[in-house]
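Working through the structure, step by step
For reference, the chains in residue letters:
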Amino acid sequence: MALRINSFCVKDPKDPRTTRPHQLPIYATSSFEFESIEEGMEIFRHPEKGHLYARFANPTVDAVAKKIADLECHGLAIDDGFGIMTSSGMSAISTMLMSLCKKGDKILTQGNLYGGTTELIKKVFPNLGIEPVWVDLRNAGAVEEKLEKEKSISAIYFETPSNPALDCIDIETIAKLGRRKNIPTIVDNTFCTPVIQQPFKYDVDYVIHSTTKYLNGHGNGISGVIVGRGEEARRMVWSVMKLIGTNCNPFDAWLTNTGMKTLAIRMERHCTNALALAQFLEDHPMVASVRYLGLPSHENHTLAKKQMEGFGGMICFEVKGGYDAGLRFMNRNRIGSLAPTMGDVDTLILHPASMSHLNVDREVRLANGITDNLIRVSVGIEDIEDLKEDFDRALS
């Protein structure tokens, strides 16, 4: 049928591909076309099994989500792992908790979470009738006591290592306590990535990442992911993601996939640089204290050796001189970028008291080790001698 010019302009050209592309394509489409009405009917009946509308699923996004899930399950006897990518790390957290919690439920969690997560759990979820229960998750007895006392707890959410204080939580212990009470456990594995830590080894139920960070590694996209096990769990999370519209877009998923190609190599360099910088800072006369899991001085060093394959690229240290000294270091540093993120190839520095935790009550900050002079460093892959020289100059 010969089309008139207006109709011809509207139609897409035929896909001329004859061979498979070497790189994952970006499927930049909001919806998908059916070959027949019967195919459309079948996919509408089972939208989770076919591509219908890009808020539900997209081939680029699905491929990358599966790759992350396979990374989390790599080498483990798990054949039902799934991944669901979201628009950000925060949307992964909110989607996950909304999948598990309803009005009247409670979330058991730690006080020293990432500031945005703390605000979400303190300020947003109570409006939905979901309340937080705070406890030191390093204290198994206290956790058990809370689980016994609070019958409405429907999820245990934690970070290990914590952001930014770098406390380590025993994943196996928390997972066992959750299993005993039939309460799902969720761990944020952003700081480690599956290269360093695989929480499924210790029987947690769900793993979350801000894929914006180490998985992407280049600071050029925003996305998150929820990884779980089993068809029932996948369907539950997918339904919430679809209905509240927290889906990832194909371009950010594609950027994450591109970044993951060098993930293992990058994490090795992040770890070696972080250890060397932590050792340098530990001996510096202008540094009051250093927190890095690779240092024997860290109280969780032994636990980190048990459940991590490396110690990561994150460091915290306290500058002598209080709040003003912390600000002065930030302004004098030249290699480290002052940016409210982490996990990029370049070194990023953050002053939590004036940045990420600015809206967290000072008493809460201090109670969880986030002091006025604390500096968080996401150590990049630069030459370590350049980093040492720049930090020395900024501290002097």
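Bear in mind the structure is a predicted one, so any value in this text is a computation, not a measurement. (Residues numbered from 1 in each chain as written. Predicted model: local features only at pLDDT ≥ 70, side-chain atom pairs only at ≥ 80, totals over all residues. Heavy atoms only, no water.)

Below, the discussion takes up the overall build of the chain. When you go through the chain residue by residue, the secondary structure sums to 15 helices and 12 strands. Since a compact globule built from 396 residues should have a radius of gyration of about 21 Å, the 23 Å found for the chain is in line with a globular shape. Structurally, the chain occupies a C-alpha span of about 80 × 50 × 40 Å along its principal axes. Residue burial in the chain is summarised as follows: out of 396 residues, 53% are buried. Taking the contacts inside the chain whose residues are at least 6 apart along the sequence as the reference set, 73% of them involve residues at least 24 apart. When the accessible surface of the chain is totalled, it reaches about 18,500 Å², and 52% of it is carbon and sulfur. Counting 44 positive and 50 negative side-chain charges, the chain places the averaged centre of each group 3 Å from the other. (Helix = DSSP H or I, 4+ residues; strand = E, 2+ residues; numbered from the N terminus. Rg over C-alpha atoms; globule rule 2.2 N^0.38 Å. Buried < 20%, exposed > 50% of the residue type's maximum accessible area, 1.4 Å probe, protein only. Contact = heavy atoms within 4.5 Å. Areas by Shrake-Rupley, 256 points an atom, 1.4 Å probe, with all protein chains shown as cover. Lys, Arg positive; Asp, Glu negative; His and termini not counted. Charge placed at Lys NZ, Arg CZ, Asp CG, Glu CD.)

Ordered in space as 1-7-6-5-4-2-3, the 7 strands form an open sheet in which the pairing is mixed. Looking at which strands have only one partner, the edges of the open sheet turn out to be strand 1 (81-86) and strand 3 (131-134). Taking the axes of each pair of neighbouring strands and ignoring which way they run, one obtains an average angle of 25° across the sheet. Here strand 4 (residues 153-159) pairs with strand 5 (residues 185-188) via 4 bridges, running parallel. For Glu159, the partnering residue across the bridge sits in strand 5 and is Asp188. Contacting strand 1, strand 6 (206-210) and strand 7 (224-229), helix 3 (residues 59-72) crosses the sheet at an angle of about 130° to strand 1. (Pairing = 2+ DSSP bridges. Axes fitted to C-alpha atoms, helices over the stretch in contact; angles between N-to-C directions.)

We now examine the pattern of salt bridges. Inspection of the entire model under this criterion finds 24 salt bridges. Between Asp203 and Arg229 there is a salt bridge whose closest N-O contact spans 3.4 Å. Taken together, the positions of Asp203 in the loop between helix 8 (193-196) and strand 6 and Arg229 in strand 7 put the pair 26 residues apart, joining distant regions of the chain. On the accessibility criterion, Asp203 (35% relative accessible area) is partly exposed. (Salt bridge = Lys/Arg side-chain N within 4 Å of Asp/Glu carboxyl O.)

Quick look at the packing of aromatic side chains now. For any pair of aromatic rings, geometry is given as the distance between the ring centres together with the angle between the planes. Going through the model one piece at a time under the given rule, you end up with 7 aromatic pairs. A centroid spacing of 6.3 Å and a plane angle of 50° characterise the contact between Phe317 and Phe391, whose relative ring orientation is tilted. You can see Phe317 sitting in strand 9 (residues 314-319) and its partner Phe391 sitting in helix 15 (residues 384-395), a full 74 residues away along the chain. Like Phe391, Phe317 is buried. Taken together, the ring pairs connect Tyr53, Phe56 and Trp238 into an aromatic cluster. In this structure, Lys242 packs its charged tip against the face of Phe56, placed 5.3 Å from the ring centre. (Phe/Tyr/Trp six-rings, centres within 6.5 Å; stacked < 30°, edge-to-face > 60°. Lys NZ or Arg CZ within 6 Å of the ring centre and 35° of its normal.)

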